[in-house]
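Given next are the chains, with one letter for each unit.
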Amino acid sequence: MKRSLRREAGAGDTGPEGTTAAAGSGGVAGGDAVFRDFVAGSPEAIFVMDAGAGRFVEANGAAARLMGCASRERLVGSHPVDWSPERQPDGRDSGEAVAGWLGTAVGGGGSRFEWLARRATGELLPLEVTVTPVGMGGRAVLVLVARDISERKRAEHALRDSQSVLASIADNISEAMYRSDAEHRLIIVNRAFLELFGYDAMDALGGQPIAALHAEEAVWRELIEQLEREGAYGQKEVEFVRKGGGHFWGLASARVVREPRTGAVAYHVGAITDITERRRAAAEIRRLYATLERRIAERTAELSTSEASLRALVDHAPEAIVVYDAELGHFVHGNENALRLYGVTREVFATLGPLDVSPAHQPDGSLSEEAARERMEETLAGGAPVFEWTHRHTSGRLIPCEVRLIRLPAEGRRLLRASITDNSERHRRERIQQATYRISEAVHTADDLESLYERIHEIVGGLMPARNFYLALVEPEHERIWFPYYRDEFNQETPAPRPLDTGLTGAVVRSGRPVRLGAEAQARQVREGDRLVLGDPSGVRYVESGRRAAIWLGVPLKFQGRILGVMAVQDYHHPEAYGEEEERILTFVAGQTALAIERKRSERELRESEQKFRALFEASSQGVMLHDTEKYLEVNPATLRIMGYPDAADLIGRHPAETSPPTQPDGRDSAVVAREYIARCMETGHARFDWVARSGRGVDVPLEVILTRVTMGGRQIIQAVINDISERKRAEAELRRALQHEKEMGALKSNFVSMVSHEFRTPLGIIMSSAGILEKYFDRLDPGERREQLESIQRSTRRMGDLMEQVLLLSRLDAARMGFAPTPLDLAGFFRVLTDEVHSVTSRRCPIELRVDALPARARADEGLLRHIFTNLLTNAVKYSEAGQSVEFSVVREGAEAVCTVRDHGIGIPEADREWLFRAFHRGRNVGQRSGTGLGLVIVQRCLEIHGGRLELESAVGAGTAMTVRLPVFSEREE
């Protein structure tokens, strides 16, 4: 499907690597100007797509930046598939997914969806895309607005990661607990929640809005408004719907959890307690009370006779009931529950009023005196207020209660009856629920252990009496226990307080179990210096610390079966402060704290290890790079020096093939070879090879590369160590050149010997023959014949002399003993003289036609080098032409150059011999019996190199040869 969509996009669509628009596709430029300006100026990433062709016809700068492109033109003409991985997170082929949302957008008038894109750098990027079809220029186009949702995705992953922790916490709590997302859809529920609503598993509830579980939508709306306005609601009696349609009443509370950095709503948490039976009982009681109150109103005259039975009913009521006389200012009656609530006897109770059993202030900050007066005035005026109130036990303990007030009918008296329900247990459950989530948040958000300790102290102090809280950590290597955190309300003036229960701490460490000490049992105390060591920690103990009773609860800090230390709390007021529930809560807190301590220790060790690695990494003289299969991840300074880049950013994010020439020395494609070595390293664990990289200055650098597979951050990557082997390569090249030169010298020696043996034998034979003739027949020869023999000897001698001169000249050129000494020279006159000399030396075998165009009076040239160059060229032209054929020699000026062409109509040079023409002692295979050494053109080439000129050759077998010499001998300004 993906390939077919690419074909539909048009032949011009080349995707991210080379995007071009399909022919005739057009763009927004042809449409409405206002719309075009809007797209270009929008800070949102906007793409405009041809609905028919399925490719982008326009994109703004924000879209280019989002996709990591240098310019928006790279997007125009491409297809969405070109910017996507092969498959989307839901497993669908990206091509099929594109076709799906195209159909939805065109047919349904627009769509919104999430998409996983691939940026130009190869990085995967989650997007939220809104597609809107519009008409433009007579055709249908789709406007796509894309937003980066990476942060949202990371938050979703973080939420999912914490689900298991929250589930384990929530499943141990009897209340029905849940978490819902920002849209109030259920994400997590505990076992009690499933049982309460009649479901077997979360699958039946997952993603369902919690509103569907409420019996009345209006009530749900009010709760949501309060939640959004105040961030929480609590103790709301709400009617819910079970699976199957049954209804029940629950006591509901919820709060908003926000993102720490952005303040956005992350999720909601809540709890529901089934109060159906309680409401039924309360309704029944209210019905009975209503009936009773009607009877009291109807039968006031019979009150005295029914007082005994009424008192019995009040005394046995499930809640505390008191009667207050507003005129006398104290209670006149209270049942047994009321006496227990306040912790007083009936005699003392008769002397008390509401303010005597209340703290000075209520939890909302209001004065108890003013609040009580307002409630009583409302009741005396005929109201029946129901409100939350905090009472105080004689021990000082505060008791949260729910109070219902009514006025009792009594002739001439102002009597108020209060029904009081103790809400301590309900409030305690709420605190535990809130603290559970606060602990989970603190463990994951604390910056360091000290701040974690302080937050846990605050949380624990809200759950149970914990005036003294400390953590003791075990150091097995030192066989000691130390206290990183210690708070004591009675020792705040001590700079470094030392806890007096080291023995208890050691008992917890040894046993690995919680230890509680209370006031019911006796303790054996043994003073040992500054420490108080207790006996057998089993059972319950009561410890005297100074002048106060210290009730102690310690639990082990365990991580994967190891005991890291002890968490302990102490109270100095309540002998019954710590029970089974407190032990369970503190054990949970200790488990979470141990997890955080181990995590922080691991982070510290990781930082230290990373610092050591970083020091080695930065100080290494070898280049070290870390990369995956796609790109460089990190490089050290030595790499930048070797590779010739000024900054690490120039390399990070690039593929090794991008910092290399297109091909390696063996001719293979660098990208293909790089992938092969990377695959070999990932498979076998290592690879070693030579590589040619291209530096930031464009210079090729030979490298020795050692690849090693390593694990970092839970994934396998590659560590590459590189060494610059330029010197080694130069030495190898020099050695190869020396070997080649040695071979050439051997061949040259062989050719020289062959040439000398051939070229010297013939003239020597002629000399010997002529000398013999002269010696034997001198008297018989006429003067003409004698002269002929002498001329033969002279020609042969000159031939041998010329040969030796050429060899010596070549030797001087190879030894660089011939310099460049330009002098002012009349170039036209020089060539005329030289032509005459060659014409004479060759015995006028071929006419030489010299044509010199108008040249400057003076040129700067080395006359000796020019003589060697053109003597050889003209002599060769004559030698390889038939007698009588003309040789053309032309000289013209082109700018600063003198262009000299020697053209003959001789035998020409075979194609197969041309690459060897400038090798010493090599001659063309068609020269026949013509004499020669094969050194002439070698001398011409070396002299031209010294003079800064160049030679151009044109030749055809049987049609002649043209040698063109270009010499820089004129000044550009000289005419």
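Residues numbered from 1 in each chain as written. Predicted model: local features only at pLDDT ≥ 70, side-chain atom pairs only at ≥ 80, totals over all residues. Heavy atoms only, no water.

Peer 1: A description of the overall build of the protein chain should follow, citing residues and the corresponding values.
Peer 2: The helix and strand tally for the protein chain stands at 23 helices and 35 strands. Counting all 975 residues of the protein chain, 43% fall into the buried class. Nonlocal contacts in the protein chain, meaning residues at least 24 apart in sequence, comprise 52% of its contacts between residues at least 6 apart. Only carbon and sulfur atoms are counted for the fraction: they give 51% of the accessible area of the protein chain, which is about 51800 Å². (Helix = DSSP H or I, 4+ residues; strand = E, 2+ residues; numbered from the N terminus. Buried < 20%, exposed > 50% of the residue type's maximum accessible area, 1.4 Å probe, protein only. Contact = heavy atoms within 4.5 Å. Areas by Shrake-Rupley, 256 points an atom, 1.4 Å probe, with all protein chains shown as cover.)

Peer 1: Tell me what's going on with the nonpolar core, and back it up with residues and numbers.
Peer 2: Core analysis: the biggest nonpolar cluster contains 36 residues, and Leu827, Phe870, Leu873 and Phe889 have the highest contact counts within it. Counting residues per element, the ones that place at least two in this core are helix H21 (827-841), strand E31 (859-861), helix H22 (863-879), strand E32 (887-894), strand E33 (897-903), helix H23 (936-947) and strand E35 (960-968). The element that contributes the greatest number of residues to this core is H22, accounting for eight residues. Those residues within four positions of leucine 827 in sequence are excluded, and the remaining contacts are Leu855, Leu866, Ala898, Val969 and Phe970. Ala442, Leu473, Val555 and Val569 belong to the second largest nonpolar core, which has 30 residues in total. (Core = buried A, V, L, I, M, F, W, Y, C linked by side-chain atoms within 4.5 Å.)

Peer 1: So what's going on with the confidence of the model for the protein chain? Which residues, and what values?
Peer 2: Overall, the predicted model of the protein chain reaches an average pLDDT of 76, with 75% of residues at or above 70. No element of the protein chain has a lower mean pLDDT than strand E19 (residues 525-528), at 31, and none a higher one than helix H12 (residues 368-380), at 92. A low-confidence stretch, residues 488-500 (pLDDT under 50), is modelled with 18 contacts involving residues beyond four sequence positions or located in other chains. Counting interchain partners and residues more than four positions distant, the pLDDT-below-50 stretch residues 519-548 has 56 contacts. (pLDDT = per-residue confidence, 0-100.)

Peer 1: Go over helix H18 (residues 670-684) with me, naming the residues and quoting the values.
Peer 2: For H18, which comprises 15 residues, the first-to-last C-alpha distance of 21 Å matches the rise-based estimate of 21 Å (1.5 Å per residue) to within 8%. All of the buried residues along H18 are Ser670, Val673, Ala674, Tyr677, Ile678 and Cys681. The arc that holds every buried residue of H18, seen down its axis, measures 135°, which confines them to one face. Packing partners of the buried residues in H18 comprise strand E24 (623-627), strand E26 (686-694), strand E27 (700-712) and strand E28 (715-724). Glycine 685 occupies a position one or two residues after H18 and carries a positive phi of about 100°. (Expected span 1.5 Å × (residues − 1). Arc of directions from axis to C-beta.)

Peer 1: Can you explain the sheet that holds strand E25 (residues 632-635)? Please cite residues and give values.
Peer 2: Across a sheet, strands are paired by hydrogen bonds formed along the backbone, either parallel or antiparallel in direction. Within the open sheet, the five strands sit side by side as E25-E24-E28-E27-E26. Their pairing is antiparallel. The open sheet has two edge strands with one neighbour each: E25 and E26. Ignoring which end each strand starts from, the neighbouring axes of this sheet average 30° apart. Bridge analysis of E27 against E28 gives ten bridges, and the strand direction is antiparallel. When the sheet's bridge partners are listed, leucine 707 is paired in E28 with alanine 720. Taken strand by strand, H18 contacts E24, E26, E27 and E28, and its axis lies near 155° from that of E26. (Pairing = 2+ DSSP bridges. Axes fitted to C-alpha atoms, helices over the stretch in contact; angles between N-to-C directions.)

Peer 1: Help me get a handle on empty space enclosed by the protein, residues and values and all.
Peer 2: According to the stated counting rule, one finds seven cavities of 30 Å³ or more in the structure shown. Looking at the largest cavity, its volume works out to about 230 Å³. What lines the largest cavity is a set of 18 residues, and nearest its centre among them are Pro354, Phe387, Val403, Leu405 and Ala418. At the level of secondary structure, the elements contributing two or more residues to the lining of the largest cavity comprise strand E11 (320-325), H12, strand E13 (386-392), strand E14 (398-408) and strand E15 (415-422). Tallied by class, residues from the lining of the largest cavity come to 15 nonpolar, two polar and one charged. (1 Å grid on protein atoms, 1.4 Å probe; cavity = no way out; pocket = protein on both sides within 12 Å on 5 of 7 lines; lining within 4 Å. Points joined across faces, edges and corners; volume = space filled by probe spheres on them. Nonpolar A, V, L, I, M, F, W, Y, C, P; charged D, E, K, R; others polar.)

Peer 1: Tell me about the packing of H21 against H22, and name the residues and values.
Peer 2: For the pair H21 and H22, interaxial distance at closest approach is 10 Å and the crossing angle is 45°. By the criterion of interaxial angle, the relationship of H21 to H22 is oblique. As for the relative orientation of H21 and H22, their crossing is right-handed in sense. Each of Leu827, Phe830, Phe831, Leu834, Glu837 and Val838 in H21 lies in contact with H22, whose residues at this interface are Glu863, Leu866, Arg867, Phe870, Thr871, Leu874 and Thr875. A class-by-class count of the residues in the contact of H21 with H22 yields eight nonpolar, two polar and three charged. (Parallel < 35°, antiparallel > 145°, perpendicular 65-115°, else oblique. Left-handed = near helix turned anticlockwise from the far one by under 90°.)

Peer 1: Lay out the packing of aromatic side chains in plain terms, naming residues and giving numbers.
Peer 2: Summed over all chains, the structure comprises 20 aromatic pairs. Aromatic side chains phenylalanine 47 and phenylalanine 56 sit 5.0 Å apart centroid to centroid with 35° between the ring planes, which places their arrangement in the tilted category. The same class applies to phenylalanine 47 and to phenylalanine 56, which are both buried. Through successive ring pairs, a cluster of aromatic residues spans Tyr178, Phe193, Phe197, Phe240 and Phe248. Between arginine 375 and the ring centre of phenylalanine 387, over which it is positioned, the NZ or CZ distance is 4.7 Å. (Phe/Tyr/Trp six-rings, centres within 6.5 Å; stacked < 30°, edge-to-face > 60°. Lys NZ or Arg CZ within 6 Å of the ring centre and 35° of its normal.)

Peer 1: Account for the pairing of E27, with residues named and values stated.
Peer 2: The two faces of the sheet receive side chains in turn, since in a regular strand these alternate between them. The sheet contact formed by E26 and E27 spans nine bridges and is antiparallel. If you follow alanine 693 over to E27, its bridge partner there is valine 701. Counting the residues that bridge the hairpin from E26 to E27 gives five residues, and of these glycine 698 lies at a positive phi of roughly 85°.

Peer 1: Any details on the sheet that holds E32? Residues and values, ideally.
Peer 2: Here five strands make up an open sheet; going across it, the order is E30-E32-E33-E35-E34 and the pairing mixed. Each of the sheet's edge strands pairs with one partner strand only, and the pair in question is strand E30 (848-852) and strand E34 (950-956). Neighbour-to-neighbour, the strand axes of the sheet open up by a mean angle of 15°, direction not taken into account. Packing of H21 onto the sheet brings it into contact with E30, E32 and E33, and relative to E30 it is tilted by some 180°. Helix-sheet contacts for H22 involve E30, E32, E33 and E35, and the interaxial angle to E35 is about 170°.

Peer 1: So what about a negative patch on the surface? Which residues, and what values?
Peer 2: Taken together, Glu369, Glu370, Glu374 and Glu377 make up a surface patch of like negative charges. Looking at where glutamate 374 falls in the secondary structure, it is placed in helix H12. Residue glutamate 374 is classed as partly exposed on the basis of its relative accessible area, which comes to 49%. (Patch = residues over 30% accessible without salt bridge, like charges linked within 9 Å, V, L, I, M, F, W, Y side chains within 5 Å. Salt bridge = Lys/Arg side-chain N within 4 Å of Asp/Glu carboxyl O. Lys, Arg positive; Asp, Glu negative; His and termini not counted. Charge placed at Lys NZ, Arg CZ, Asp CG, Glu CD.)

Peer 1: Go over unusual backbone geometry, please, and point to the residues and values.
Peer 2: The residue glutamine 235 is not glycine, and still its phi comes out positive at about 55°. With respect to the helices and strands, the residue glutamine 235 is situated in strand E8 (residues 232-241). A positive phi is found at arginine 844, a non-glycine position, where the angle reads about 50°. Of note, arginine 844 is situated in the loop between H21 and E30.

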